[in-house]
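# A closer look at the structure
What follows is the residue order along each chain.
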Amino acid sequence: SEWLIYATWWVGDNLSNLMQSVGASEKVFQLMDLMPSDQFISKGSKLQNLVGNVEFVNTSFYYPSRPTVPVLQNISLSVKPNEVVAIVGLSGSGKSTLVNLLLRLYEPTNGQILIDGCPLQELDVMWWRERIGFVGQEPKLFRTDISSNIRYGCTRDIRQEDVEWAAKKAYAHDFILSLPKGYQTLVDDDLLSGGQKQRIAIARAILRDPTILILDEATSALDAESEHNVRGVLRAVRKDKTTRRSVVIIAHRLSTIQAADSIVVMDNGRIVEAGSHSELLVKDGLYARLTRRQADAVA
Ligand code: ATP
């Protein structure tokens, strides 16, 4: 049907990532069921000179299938251009849901989300999603060469040097060059480690030059490598202050995001504290407790 065509179009390279992000393919279809069909039809405005200020204003949400369970409650949060905002919290605290609202997979039940002061519901949904680079936990690559995998989903005219620029930012360039045919190497099932796949997916997202880069850090066995990648991307974003790109990270390993401008701590659908790493340690609240717990687990 029509909405499915639109859905397929925007989801594009991100479909498998999206599936990872909500946990299982079954959930994606559950989720698609819930979405009003006309949400995928391009209408609404496109902001000229998008700056990328994102603001959740007293936003609450419950999933339509479970109207008795508030999943987000009175969320107020802002993400400014060039800022790195990390979202942390125990499993089920609402981190992915926050991102789902930002991607406009759902509409807030109460409150709203403003983009440069304009309500997100009034924006052209396709246009908005094209401004977002999303890298899920276990990105899926295609059986084609590395270069095409990085270009995938990019509608602009892309030169090889652009591909390599993005790969360098994503800390993928060096390992790509070490492959038998470099950027022309065919991606095969066992060719790349999970962390390398993630770096390719980050390069893909960066090449699209998104206004917001959303990273869902991996929780699985590739943790250490994933953490290294995420840290690298943070460094690259910080160095490159001209891009006005903000980064939102759903972090599972707190050690990854210590340098974030703001760490937003969620508990049971609410933001319970927010601040820099050192501010939150001084507060000695949930973040400090979670940090100690992870440190103990590693030790
Ligand atoms: P995790 O770290 O495990 O990914 P999270 O912090 O991202 O967890 P969410 O996935 O946002 O948490 O889930 C928040 C709550 O919403 C949970 O209680 C979850 O069961 C519920 N939930 C998530 N997706 C749906 C859905 N499609 N329909 C109904 N409830 C959902």
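Residues numbered from 1 in each chain as written. Predicted model: local features only at pLDDT ≥ 70, side-chain atom pairs only at ≥ 80, totals over all residues.

- For the chain, the name recorded in an unreviewed UniProt entry is Putative peptide-transporting ATPase, with Rosa chinensis as its organism.

### Some points on the overall build of the chain
- For the chain, the count of helices and strands is twelve helices and ten strands.
- Counting the 299 residues in the chain, one finds 39% classified as buried.
- Contacts spanning at least 24 positions in sequence make up 73% of the contacts within the chain whose residues lie at least 6 apart. (Helix = DSSP H or I, 4+ residues; strand = E, 2+ residues; numbered from the N terminus. Buried ≥ 20, exposed ≤ 12 C-beta atoms within 10 Å, placed from the backbone. Contact = placed C-beta atoms within 7 Å.)

### So, the pairing of strand S9 (residues 262-267)
- A large share of S9 lies buried, amounting to five of its six residues.
- Note: strand S3 (residues 84-89) against S9, five bridges, orientation parallel. Looking across to S9, one finds that Val88 is bridged to Val265.
- Inspection of the sheet shows S9 paired to strand S10 (residues 270-275) by five bridges, in the antiparallel sense. (Pairing = 2+ DSSP bridges.)

### Overview of the sheet that holds strand S5 (residues 118-119)
- Across the sheet, which stays open at both edges, the four strands sit in the order S2-S1-S4-S5 with antiparallel pairing between neighbours. The open sheet has two edge strands with one neighbour each: strand S2 (70-79) and S5.
- Looking at chain direction, strand S1 (residues 54-62) and strand S4 (residues 110-115) are connected through five bridges and run antiparallel. Note that in S4 the partner of Val54 across the bridge is Ile115.
- Along the sheet, helix H4 (residues 95-102) contacts S1, S2 and S4; its crossing angle with S2, the most-contacted strand, is approximately 65 degrees. (Axes fitted to C-alpha atoms, helices over the stretch in contact; angles between N-to-C directions.)

### Here we look at the site of the ligand
- Around the ligand sit 15 residues in total, of which Tyr63, Ser91, Lys95, Ser96 and Thr97 are the nearest.
- Mapped by element, the contributors of at least two residues to the shell around the ligand are helix H3 (25-34) and H4.
- Among the residues forming the shell around the ligand, the class breakdown is three nonpolar, nine polar and three charged. (Near = placed C-beta within 6 Å. Nonpolar A, V, L, I, M, F, W, Y, C, P; charged D, E, K, R; others polar.)

### Some remarks on the nonpolar core
- Formed by 65 residues in total, the largest nonpolar core has its most connected members in Ala86, Ile87, Ala203, Ile249, Ile263 and Val264.
- The greatest single-element share of this core, amounting to seven residues, is contributed by helix H9 (residues 194-207).
- Beyond its immediate chain neighbours, meaning those up to four positions away, Ile263 contacts Ala86, Val88, Ile257, Ala274, Gly275, Ser276, His277, Leu280 and Tyr287. (Core = buried A, V, L, I, M, F, W, Y, C linked by C-beta atoms within 7 Å.)

### What to know about the packing of helix H7 (residues 160-169) against H9
- Interhelical geometry of H7 versus H9 gives an angle of 125 degrees and a closest axis separation of 8 Å. Between H7 and H9, the angle falls in the class oblique. As for how H7 packs across H9, the hand of that crossing is right-handed. Taken together, the residues of H9 that come into contact with H7 (itself represented by Asp162, Val163, Ala166, Ala167 and Lys169) are Ala203, Ile206 and Leu207.
- Split by residue class, the contact of H7 with H9 holds six nonpolar, no polar and two charged. (Parallel < 35°, antiparallel > 145°, perpendicular 65-115°, else oblique. Left-handed = near helix turned anticlockwise from the far one by under 90°.)

### Comments concerning the environment of Thr291
- Assignment of secondary structure puts Thr291 in helix H12 (residues 286-298).
- Separated by 146 residues in the primary sequence, Thr291 and Asp145 place their C-alpha atoms 40 Å from one another.

### Points about the sheet that holds strand S6 (residues 132-135)
- Here we have six strands laid out as an open sheet, ordered S6-S7-S8-S3-S9-S10, and mixed in their pairing. In this open sheet, the two edge strands, each paired with only one partner strand, are S6 and S10. Pairs of neighbouring strands in the sheet enclose a mean axial angle of 20 degrees, with direction left out of account.
- Across four bridges, S3 lies against strand S8 (residues 246-250) in parallel orientation. Its bridge partner lying in S8, Ala86 is registered against Ile249.
- The strands touched by H9 are S6 and strand S7 (212-216); relative to S6, the strand with the most contacts, the crossing angle is about 175 degrees.

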